[in-house]
Amino acid sequence: MPASGKRKAGPGNREPGTETRGASGNGKRAELDGSRFPGPRSQSASDRASAKLTRDQKIDLYYWMRLTRSLEERLVALYRQTKVVGGLFRSLGQEADAVGSAYALERRDILSPLIRNLGSMLVKGATPLEILRQYMAKGDSPTRGRELNIHFGDTDRGFIGQISPLGDMVPVMAGVTMTFKMRRQDRVGLVYVGDGATSTGAFHEGINLAAVQRLPLVVIVENNGYAYSTPISKQTAARQFVDKAIGYGVPGAQADGNDVLAVYDVTKAAVDRARSGGGVSLIEVMTYRRKGHAEHDNQSYVPAGEIDRWAAENDPLDRYRVVMREELGATDEEIAAIDARVVRDIDAATDEAEKSPPPDPLDALIGVYADPPRERPLWFREGTDRAVDVNERPEGWGTWSGRTGSV
Amino acid sequence: MAEITYLEALREALVEEMDRDENVFCMGEDIGAYGGAFKVTDGLLSRFGESRVIDTPISEIGIVGAAAGAGHMGMRPVVEMQFIDFIANAYDILTNYVATARYRAFLPCPMVVRGPSGGYVRGGPFHSQNPEAGFIHTPGLKVVYPATAEDAKGLMKSAIRDDDCVLFFEHKYLYRRIKGEMPQGDHTVPIGRARLAREGRDVSIITYAATVWKALEAAEQLEAQDGLSVEVLDLRTLAPLDDEAIFATVRKTNRVLVLHEDTRTGGIAGEITSRINESCFEWLDAPVLRVTAHDIPLPYAPSLEDFVLPQTSDIVRAVRRLAAY
């Protein structure tokens, strides 16, 4: 049961904007019924996996959520200074879902994040410095300026970078976990998709193949209400995404995605099942995307008041601070100290990242293949080391409204 | 040593590589218990077991994506498209995910995507295609398409050992029609190297796969009837192209026909012609000509298919035109 009276805006009774958000299938969102799905919601409080977390670990969860939010706020500032070269993607309001799920993995496990899983990557060891360099397209960023935003990975630290065509990471993670199984390794994979990606062929083929092969893979569907501007009512006729589990013959579970402990619990149960040979699980976490698809998106398609209600009533950090105070006995000073530490960490990383140089233009030709390791420049670039004198940011880039054409 | 077929040569390569390296495994539709639609993987299941010869659902995206994931983790998957026509289903994950993985994320994808390709078999629009041009356009992929049994084996072994994704087109018309004697020992053929299939002085035919045999047939006929000495270059690898071998034959004969079974517009012949134009213009005594399929979905009826695809008589006609120019 919720430990706090603040947890009222759970996934089953989210009434904000019900016309656009819930009008799928029979036109009525199902009430969350914990008894229909195996998972922590049907367990008593002491049976929950999170009951076994130490106080330090529970405080740690707050640190990662706070770091995620503050790092994105720093990126917004850098974006407005035009130091972020491309688009900026926020996970405001979804920090609990990213952090709680990744925290349920062991170090040796591998996850594949989605654009709103900065928190998952931080838990897995990605650093603010890497994220900042990546967004600013620096030469020493994790992708050496080849890819945008949080599209990067490190198999040693246990995360594999996503690509923009959604759903593709599900079959890829099927292959990763197929390897775990073939090598009899005690490792589990976790892949995130959004509500939108469940409509793709890649999602279907990947989860079906993984289910048939009984691979140790956990699939988390983050239902945040929108895929770009498309509400879930236009994404699926299913009553709820978790129902898709039935079709794949895998256990399904639903959780309140803005309750970090609930997300941890539901993920941990699925991870334990995968680790013990129980195969694939599908988890639907109910959350809400409070910012647009990317920073340029003015969210004109969102019903009035919906965002404000989620911000006021169902913010994952607000909710967890209540838990920290009431259950962990955390003081305001302790929480403020964590907040201050996060800011210090981000300040230091920002200073460092801004010093980084852009990539050397000729690095563009390296590493398409292992062999040959380098492509030759075309004849009209022979003897030159750059294409233009100044790499200007296209005018209006990243600030276009997408609707009116105005910048 | 006894000769074996192109198909048996492929199977021999798979068996030898699976014996050599436990990270090599096969995955695809009906490849295990059934041995594959054309029986390329026949016998592999009983030899290597279910964990290394994996029957999958009908899921080209799933199969290719899983191969990429396994490749990231150090495996060397060989996946079958039951017919190469179905590789179109995996186009996104091959071009967007696999081809870019090393460059954008430093993630290796050592994997082979293989499948029966090509026409002249009355297979109709969905069992006869040659979709190679769509993939040589994509940086990050390698593409091979052997014509001989020796190359089928040697290139397959090289493809499996390559650290990047290799698309391996197998010509189904050649599967059981072409035989060869396998060299002793660990026989590999380097990716990226063409093969001079026939030496000549007067005209060069640059081609690959099944039309290598049509070019050789035409060359014999032209020598007997016209006294022409025709050189035939078998590309074997389409990405990366062996520019050196292409330019060498151009400089030798100065008259060039580019021949392929794939359709004309956007086909590889256009790319080869362009490279010759840029690098060997002053060596040419005639415009580079193309003989290709017509830009038509491949039809089923023998009279229709034969009209759409390049035939030996077309090649003879084109070479005579070049010689007379």
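Since the model is a prediction, treat every value here as computed from it, not as a measurement. (Residues numbered from 1 in each chain as written. Chains lettered and ligands numbered in written order. Predicted model: local features only at pLDDT ≥ 70, side-chain atom pairs only at ≥ 80, totals over all residues.)

Chemist: Describe the overall build of chain A, with residues and values.
Modeler: On a plain count of helices and strands, chain A comes out with 12 helices and seven strands. Evaluated residue by residue, chain A yields a buried proportion of 49% over its 407 residues. For chain A, restricting intrachain contacts to residue pairs at least 6 apart in sequence, the fraction spanning at least 24 positions comes to 76%. (Helix = DSSP H or I, 4+ residues; strand = E, 2+ residues; numbered from the N terminus. Buried ≥ 20, exposed ≤ 12 C-beta atoms within 10 Å, placed from the backbone. Contact = placed C-beta atoms within 7 Å.)

Chemist: Give a detailed account of the overall build of chain B, specifying residues and quantitative values.
Modeler: Summing up its helical and strand segments, chain B has 11 helices and 14 strands in all. Its C-alpha atoms give chain B principal-axis dimensions of roughly 60 × 40 × 40 Å. A separation of at least 24 residues holds for 79% of the contacts in chain B among residues at least 6 apart in sequence.

Chemist: Mind laying out the environment of P372 of chain A, listing which residues take part and the relevant values?
Modeler: Within the element layout of this structure, P372 of chain A appears in the segment after helix 12 (332-355). Residues P372 of chain A and H296 of chain A, 76 residues apart in the sequence, show an inter-C-alpha distance of 40 Å.

Chemist: Describe the domain arrangement of chain B, naming the residues involved and giving the relevant values.
Modeler: All names here are of chain B. Looking at the assigned domains, one finds that chain B contains domain 1 (4-180) and domain 2 (195-324). Relative to domain 2, the C-alpha centre of domain 1 lies at a distance of 26 Å. Listed by partner, the interface residues are 25 residues for domain 1 and 22 residues for domain 2. Elements that contribute at least two residues to the side of domain 1 that touches domain 2 include exactly helix 5 (133-136), strand 6 (142-144), helix 6 (149-161) and strand 7 (166-171). Here the side of domain 1 that touches domain 2 takes three residues from strand 6, the largest share from any one element. (Domains from an automatic or database assignment.)

Chemist: Lay out the interface of chain A and chain B in plain terms, naming residues and giving numbers.
Modeler: Taken together, the contact pairs 32 residues of chain A with 28 residues of chain B. When contributions to the side of chain A that touches chain B are tallied by element, the ones reaching two or more residues are helix 6 (169-182) and helix 7 (201-212) of chain A. Top contributing element to the side of chain A that touches chain B by residue count: helix 6 of chain A, with nine residues. Class assignment of the residues belonging to the side of chain A that touches chain B gives a composition of 17 nonpolar, 10 polar and five charged. (Nonpolar A, V, L, I, M, F, W, Y, C, P; charged D, E, K, R; others polar.)

Chemist: Lay out unusual backbone geometry with the relevant residues and their values.
Modeler: P372 of chain A follows D371 of chain A through a cis peptide bond whose omega is 5 degrees. Look at the link from A239 of chain B to P240 of chain B: it is a cis peptide, with omega at 0 degrees. Along the chain, the position of P240 of chain B falls in the loop between strand 12 (237-239) and helix 8 (243-253). In this structure, A209 of chain B takes a positive phi of about 65 degrees despite not being glycine. Accessibility expressed as a C-beta count within 10 Å gives 26 for A209 of chain B, which makes it buried. Notably, N254 of chain B is not glycine yet its phi reads approximately 65 degrees, a positive angle. Along the chain, N254 of chain B falls in the loop between helix 8 and strand 13 (256-263).

Chemist: Let's hear about helix 6 of chain A: which residues, and what values?
Modeler: Its 14 residues give helix 6 of chain A an end-to-end C-alpha distance of 20 Å, which sits within 8% of 20 Å, the value for a rise of 1.5 Å per residue. Counting buried positions over the 14 residues of helix 6 of chain A gives 12, a clear majority of the element. Those residues of helix 6 of chain A that are buried lie in contact with strand 1 (110-112), strand 2 (189-194), helix 7 and strand 3 (217-223) of chain A together with helix 3 (60-72) and helix 4 (91-105) of chain B. In the segment just after helix 6 of chain A, R184 of chain A is the residue with positive phi, at about 55 degrees. (Expected span 1.5 Å × (residues − 1).)

Chemist: If you had to explain the sheet that holds strand 12 of chain B to someone new, which residues and values would you point to?
Modeler: Residues and elements named next belong to chain B. Here seven strands make up an open sheet; going across it, the order is 3-2-4-5-7-6-12 and the pairing mixed. Looking at which strands have only one partner, the edges of the open sheet turn out to be strand 3 (53-55) and strand 12. Put simply, the sheet's adjacent strands are angled 20 degrees from each other on average, direction ignored. Where strand 6 meets strand 12, two bridges bridge the pair, whose relative direction is antiparallel. Looking at the pairing, V143 lines up with A239 of strand 12. (Pairing = 2+ DSSP bridges. Axes fitted to C-alpha atoms, helices over the stretch in contact; angles between N-to-C directions.)

Chemist: How would you summarise the packing of helix 2 (residues 55-80) of chain A against helix 3 (residues 95-102) of chain A if you had to cite specific residues and measurements?
Modeler: Relative placement of two packed helices is described by the angle separating their axes and the distance separating the axes. All names here are of chain A. Contact geometry for helix 2 and helix 3: axes closest at 9 Å, N-to-C directions at 135 degrees. Compared by their axis directions, helix 2 and helix 3 come out oblique. The hand of the helix 2/helix 3 crossing is right-handed. Contacts between helix 2 and helix 3 involve L61, W64, M65, T68 and R69 on the former and, on the latter, E95, A96, A98, V99 and G100. (Parallel < 35°, antiparallel > 145°, perpendicular 65-115°, else oblique. Left-handed = near helix turned anticlockwise from the far one by under 90°.)

Chemist: How would you summarise the sheet that holds strand 10 (residues 203-207) of chain B if you had to cite specific residues and measurements?
Modeler: All names here are of chain B. One open sheet holds the five strands; their spatial order is 9-11-10-13-14, and the pairing between them is mixed. Each having just a single partner strand, strand 9 (195-198) and strand 14 (289-293) make up the two edges of the open sheet. Direction aside, neighbouring strands of the sheet carry axes that sit 25 degrees apart on average. The sheet contact formed by strand 10 and strand 11 (residues 230-234) spans five bridges and is parallel. Counterpart to I206 in the pairing with strand 11 is L233.

Chemist: Please set out the nonpolar core residue by residue, giving values where relevant.
Modeler: Generally speaking, a soluble globular protein has its nonpolar side chains buried in company with each other. Within the largest apolar cluster, 199 residues are counted, with the highest numbers of intra-cluster contacts made by V219 of chain A together with V64, L257 and V319 of chain B. Tallying contributions element by element places helix 9 (residues 260-275) of chain A first for this core, with 10 residues. Each of domain 1 (4-180) and domain 2 (195-324) of chain B contributes no fewer than three residues to this core. Excluding anything up to four places from it in sequence, V64 of chain B contacts V79, A90, I93, L94, V98 and V113 of chain B. (Core = buried A, V, L, I, M, F, W, Y, C linked by C-beta atoms within 7 Å.)

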